[in-house]
Amino acid sequence: MKKKLNLCLFALVIGLAFLLQNCSKDDTIVQYKLTTDVTPALSGSVSPSSGTFDEGTEISLTATPASEYVFKNWSSGASGTENPLSVIMNSNKNITAVFEKKNYSLNIVIVGEGTVTEEIIQAKSAGDYPSGTIVKLTAVPSAEWEFVEWSGDYDGTENPIQITIDKAMNITAKFEKKNYLLNIVTVGEGTVTEEIIQAKSAGDYPSGTIVKLTAVPSAGWFFFGWSGDYQGAENPIQLTINKPTTLTATFAEPSSKTYVPDDNFEQALIDLGYDNVLDDYVYTDIIDKITELHVSVKGIEDLTGIEDFVALTTLVCSNNQLTNLDVSKNIALTALVCSNNQLSLLDLSKNTKIIWLLCENNQLTSLDVSNLIDLRELVCSHNQLISLDVSNNNFLGVGMVIWFGFNCFDNLLTCIQVNIEQLANIDSGIAYLWTKDDIADYSLDCHY
């Protein structure tokens, strides 16, 4: 009985040992390691960031972007763009979360006419700018426009500007038409009315504005013509304002007229704005205030009427067909240029203020300059002079010489009478630019 009991106890121990051995094998746990990373560095985080997990465990990975970044996708041990991402731990895993900079649109609005150039300080993706991109904006106005200001997400008048893109931005560049001053001057009694074809700002006209100007003479006066940035006698006129503009409207009283029989001379005066109708007459109260008259190369044969140009200080009438020139009434003359005509006589006895006299290439046989005590330059070459006395012209060819000093080349002169000081200056070289024919001598007494 005791033996049988021992056998039973032994069998029980063996069974328990076998059972314990089998249970130990079934309870062994397999685990896997999870590691995560982010790219670029500091662009975000992943939760959980790492850990060891039992085989078959399902984990939810959440990618959280840093400020100004967005999640793009998973890489390395995972793929796709799902976030959070469900992961089954059936092996060791190293998973990377990829982030990228936020992109913002930069919308430029143009008011007026012009463009805005965008100079990118750092690279951008197509269409939008990555957050933090620095952009240089330059407002470039179209012709006859000007930049005024920025508005929207940037306010100011500075140009160019640099902006940092840290959100979607809308910026407006405002351009306006250039404004120009229209200055109207009136001479005489009358007014000028301005009829604006398009709106203008106070004071000045925007570029391209069309203005109708009408000259309105006062009672007893007449409109003579325009001068300045528009010349002519048409009335009214229309002007397109594309620059600062000054016009003079001249009004005159009906008064005496000066007879100008040479049509070429009168046409030259019309071209200069001193007359408006080719009718052999000009208004005396217009021409008697003129101080300079340039009428060279006009085909003029007769300068009748020049006597009423009483304020003239400069007369240039070279390269015409003049056979006679009477300047006895033009006593204010300081410069007379009558070269390349057919003059056989030139009376300057009344013109004591003349400083510059150019009368070369004519048919002069004599020339009296004894009254021209301020004469500094005398050019009388290529004439038929047989005598010339410059002994009264102490300043001739001395000091500042503008043209030629003294030149009497190609005449019939054998002697040129000078004073003792002139002769000494010629010999010493102080009186320079003195030109004559070789057969002519300088003398203190030519026995004229």
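See the structure shown above.
All of these numbers come straight from a predicted model, not from anything done at the bench. (Residues numbered from 1 in each chain as written. Predicted model: local features only at pLDDT ≥ 70, side-chain atom pairs only at ≥ 80, totals over all residues. Heavy atoms only, no water.)

A. A look at the overall build of the chain. Per the secondary structure count, the chain includes four helices and 34 strands. Considering only intrachain contacts with a sequence separation of at least 6, the fraction spanning at least 24 residues in the chain is 48%. For the chain, the computed accessible surface area is about 23800 Å², with 52% contributed by carbon and sulfur atoms. (Helix = DSSP H or I, 4+ residues; strand = E, 2+ residues; numbered from the N terminus. Contact = heavy atoms within 4.5 Å. Areas by Shrake-Rupley, 256 points an atom, 1.4 Å probe, with all protein chains shown as cover.)

B. Region of interest: the pattern of salt bridges. Going through the model one piece at a time under the given rule, you end up with four salt bridges. With its nearest N and O atoms 3.8 Å apart, the salt bridge here joins aspartate 153 to lysine 167. Taken together, the residues span a long stretch of sequence, with aspartate 153 in the loop between β13 (145–152) and β14 (161–164) and lysine 167 in the loop between β14 and β15 (169–177) at a distance of 14 residues. (Salt bridge = Lys/Arg side-chain N within 4 Å of Asp/Glu carboxyl O.)

C. How the structure looks around the state of the cysteines. Under the criterion given, the structure shown has one disulfide. With a sulfur-sulfur separation of 1.9 Å, cysteine 415 is cross-linked through a disulfide to cysteine 446. Its torsion about the S-S bond being -75°, the disulfide of cysteine 415 and cysteine 446 is classed as left-handed. Within this pair, whereas cysteine 415 is found in strand β32 (residues 415–417), its partner cysteine 446 is found in the segment after β34 (441–443), the two being separated by 31 residues in sequence. The residues cysteine 415 and cysteine 446 share a single accessibility class, namely buried. Cysteine 338 takes part in no disulfide bond, and the closest cysteine sulfur, belonging to cysteine 359, lies 5.4 Å away. Judged by its relative accessible area of 0%, cysteine 338 is buried. (Disulfide = S-S within 2.5 Å. Buried < 20%, exposed > 50% of the residue type's maximum accessible area, 1.4 Å probe, protein only.)

D. Quick look at the side chain of serine 381. Mapped onto the secondary structure, serine 381 falls in the loop between β30 (377–379) and β31 (406–407). Classification of serine 381 by relative accessible area gives buried; the value is 5%. Those residues in contact with serine 381 that lie beyond four places of it in its chain are Glu360, Asn361, Asn407, Cys408, Phe409, Asp410 and Asn411.

E. Region of interest: the sheet that holds strand β4 (residues 58–65). Read from one edge of the open sheet, three strands run β2-β4-β6, paired in antiparallel fashion. Of all the strands in the sheet, just β2 (44–47) and β6 (85–88) have a single pairing partner and so form its edges. Pairs of neighbouring strands in the sheet enclose a mean axial angle of 25°, with direction left out of account. Here β2 pairs with β4 via four bridges, running antiparallel. Considered in β4, the bridge of valine 46 is made with alanine 63. (Pairing = 2+ DSSP bridges. Axes fitted to C-alpha atoms, helices over the stretch in contact; angles between N-to-C directions.)

F. The nonpolar core, seen in detail. If you look at the biggest cluster of nonpolar residues, it comprises 48 residues, and the most contacted ones within it are Phe265, Leu346, Leu357, Leu367, Val390 and Phe406. For this core, the element with the highest residue contribution is helix α2 (residues 263–271), accounting for three residues. Among all residues touching phenylalanine 406, those that are not within four sequence positions of it are Leu378, Leu388, Val390, Leu396, Ile416, Leu433, Trp434, Thr435 and Tyr442. Leu34, Val38, Leu85 and Phe99 belong to the second-largest nonpolar core, a separate cluster that totals 18 residues. (Core = buried A, V, L, I, M, F, W, Y, C linked by side-chain atoms within 4.5 Å.)

G. Here's a closer look at the sheet that holds strand β33 (residues 434–435). Taken in spatial order, the seven strands line up as β26-β27-β28-β29-β30-β31-β33 in an open sheet, and their pairing is parallel. Strand pairing shows two members of the sheet lacking a second neighbour, β26 (292–294) and β33, which therefore form its edges. Across two bridges, the pairing between β30 and β31 is parallel. Within β31, the residue paired with leucine 378 across the bridge is phenylalanine 406.

H. Expanded view of the pairing of strand β7 (residues 93–101). Note: strand β1 (residues 31–39) against β7, six bridges, orientation parallel. Residue threonine 35 lies in a different strand from β7, and its bridge partner there is asparagine 94. Sheet topology note: the strand β5 (residues 69–76)/β7 ladder contains seven bridges and is antiparallel. Of the residues in β7, the one forming a bridge with valine 70 is glutamate 100.

I. View of the environment of glutamine 238. Position of glutamine 238 relative to the elements: it lies in strand β22 (residues 237–241). Judged by relative accessible area, which is 54%, glutamine 238 ranks as exposed. Separated by 26 residues in sequence, glutamine 238 and lysine 212 have C-alpha atoms that sit 4.3 Å apart.

J. α2, seen in detail. Within α2, the full set of buried residues consists of Phe265, Glu266, Ala268, Leu269 and Ile270. Looking at the buried side of α2, the elements it contacts are β25 (281–283) and β26. The N-terminus of α2 is capped by aspartate 262, whose side-chain oxygen sits 2.9 Å from the backbone nitrogen of asparagine 264. Trailing α2 by a residue or two, glycine 273 shows a phi angle of about 85°, which is positive. (Polar contact = N/O pair within 3.5 Å; in protein donor to acceptor, adjacent residues only side chain to side chain.)

K. Main features of the environment of serine 387. The topology assignment puts serine 387 in the loop between β30 and β31. A residue is classified by how much of its surface remains accessible, and serine 387, at 25% relative accessible area, is partly exposed. Between the alpha carbons of serine 387 and cysteine 446 there is a distance of 8.6 Å; along the sequence they are 59 residues apart. Here serine 387 is in contact with Leu413 and Tyr448, once residues within four sequence places are set aside.

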